[in-house]
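Residue strings, one per chain:
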Amino acid sequence: CESGKYKVGPGIQCDTCLAGKISASTGATSCASCEAGKFSTSGSGVCEPCAGGTYSPDPESGSCDNCLAGYYSDPGAEECTHCGSGKYQSLPGQASCSDCPLGKALLWDGSQPSLECVECEAGTFAASGGLSTCAACPPGKFSDSAAAEACQDCVVGYFNPSTGQSNCLSSCPKGKYGTAIGAVS
């Protein structure tokens, strides 16, 4: 019998190996199972690894399944991997995840797939991609809109003594005046 087929005994017709099983050599008397992370079609002589973005958890698989959105896999995977904090994947069947863009972050709590990143709230920012949390603007700075990539300095005459603020205080305390940009008091 040729590769992909087997014969149980002499004079018996060759049978085709079922999907998920192979016979790699001629004259085979049985078919071998593909291992998890690999698959074969009916009559195949070789088990192929699942492509990136797909997986096969069981041996004897005739095909690989797509990873769900929020997950990814390398070639030959037995299972998909969660994208994790600071990364997302909004499409199924992908071989990698993307970093959250500037102004957005994603903290994975283990309960939901990472489908999309969340905009930083006013008073916070994300200056680089792939962050799991947005940082609070430091004293003397503010961000007045969502999805900020940086905080702005308080202008002369205004100040901000606290972190995470969406605006600066408009007047100095009685008897004081401000001359500095980014003042904290």
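Residues numbered from 1 in each chain as written. Predicted model: local features only at pLDDT ≥ 70, side-chain atom pairs only at ≥ 80, totals over all residues. Heavy atoms only, no water.

Trainee: Honestly, the overall build of the chain in this entry has me stumped. Any pointers?
Mentor: Counting secondary structure elements, the chain contains 0 helices and 18 strands. Computed over its C-alpha atoms, the radius of gyration of the chain comes to 29 Å, more than 25% above the 16 Å expected for a compact globule of 185 residues. Referenced to the eigenvectors of the C-alpha coordinate spread, the extents of the chain come out at roughly 110 × 25 × 15 Å. For the chain, buried positions account for 29% of its 185 residues. Pairs at least 24 residues apart make up 36% of the contacts formed inside the chain by residues separated by at least 6 positions. In the structure as shown, the chain presents an accessible area of about 10400 Å², 50% of it carried by carbon and sulfur atoms. (Helix = DSSP H or I, 4+ residues; strand = E, 2+ residues; numbered from the N terminus. Rg over C-alpha atoms; globule rule 2.2 N^0.38 Å. Buried < 20%, exposed > 50% of the residue type's maximum accessible area, 1.4 Å probe, protein only. Contact = heavy atoms within 4.5 Å. Areas by Shrake-Rupley, 256 points an atom, 1.4 Å probe, with all protein chains shown as cover.)

Trainee: Whenever I open this one, the environment of Leu-107 confuses me. Can you help?
Mentor: Summarising the element assignment, Leu-107 is placed in the loop between β13 (104-105) and β14 (118-119). Leu-107 gets classed as exposed once you look at its relative accessible area, which sits at 55%. Leu-107 sits 20 residues away from Lys-87 along the chain, and the two C-alpha atoms are 8.7 Å apart.

Trainee: Which parts of the structure should I look at to understand the environment of Cys-47?
Mentor: Assignment of secondary structure puts Cys-47 in the loop between β5 (38-39) and β6 (48-49). Take Cys-47: its relative accessible area is 15%, and that puts it in the buried class. Excluding residues within four positions of it along the chain, Cys-47 makes contact with Ile-22, Cys-34, Lys-38, Phe-39 and Ser-40.

Trainee: Teacher, can you tell me more about the pattern of salt bridges here?
Mentor: Pairing between side chains of opposite charge can happen when the charged atoms of each approach one another. Summed over all chains, the structure comprises 3 salt bridges. Between Glu-60 and Lys-21 there is a salt bridge, with its nearest N and O atoms 3.9 Å apart. Linking Glu-60 in the loop between β7 (54-55) and β8 (65-66) with Lys-21 in strand β3 (residues 21-22), this pair joins segments that are 39 residues apart in sequence. Overall, Glu-60 belongs to the partly exposed group, its relative accessible area being 41%. By relative accessible area, Lys-21 is classed as partly exposed at 25%. For Asp-153, the salt bridge identified is with Lys-141, shortest N-O distance 2.6 Å. With a gap of 12 residues between them, Asp-153 in strand β18 (residues 152-153) and Lys-141 in strand β17 (residues 141-142) connect regions that are remote in the sequence. In this structure Asp-153 comes out as partly exposed when scored by relative accessible area, which is 35%. Residue classification places Lys-141 among the partly exposed residues on the basis of a relative accessible area of 27%. (Salt bridge = Lys/Arg side-chain N within 4 Å of Asp/Glu carboxyl O.)

Trainee: Is there a simple way to think about the side chain of Gln-89 in this case?
Mentor: Take Gln-89: it is sitting in the loop between β11 (87-88) and β12 (98-99). One polar contact links the side chain of Gln-89 to the main-chain amide nitrogen of Leu-91, over a distance of 3.1 Å. Apart from the residues within four sequence positions on either side, Gln-89 is in contact with Ala-69, Gly-70, Tyr-71, Cys-83, Gln-94, Ser-96, Cys-97, Ser-114 and Leu-115. (Polar contact = N/O pair within 3.5 Å; in protein donor to acceptor, adjacent residues only side chain to side chain.)

Trainee: Even after reading the chapter, I still don't get the side chain of Thr-124, so can you show me in this structure?
Mentor: Turning to its location among the elements, Thr-124 is positioned in strand β15 (residues 124-125). Those residues within four positions of Thr-124 in sequence are excluded, and the remaining contacts are Cys-134, Ala-135, Ala-136, Cys-137, Ser-143 and Ala-148.

Trainee: So what exactly am I meant to see when it comes to the state of the cysteines here?
Mentor: Should the sulfur atoms of two cysteines be covalently bonded, the bond is a disulfide. In the structure shown here, the tally under the stated rule is 10 disulfides. A disulfide bridge connects Cys-154 with Cys-168, and the sulfur atoms are separated by 1.9 Å. Around the S-S axis, the bridge from Cys-154 to Cys-168 shows a dihedral of about -80° and counts as left-handed. Remark: Cys-168 occurs in the segment after β18 and Cys-154 occurs in the segment after β18; sequence separation between them is 14 residues. (Disulfide = S-S within 2.5 Å.)

Trainee: In this structure, what is going on with the environment of Lys-141? I would like to understand it.
Mentor: When the C-alpha atoms of Lys-141 and Glu-2 are compared, they prove to be 74 Å apart, with 139 residues separating the residues in sequence. When neighbours within four sequence positions are excluded, Lys-141 is seen to be in contact with Cys-151, Gln-152, Asp-153, Cys-154, Asn-160 and Gln-165. One polar contact links Lys-141 to Asp-153, side chain to side chain, over a distance of 2.6 Å.

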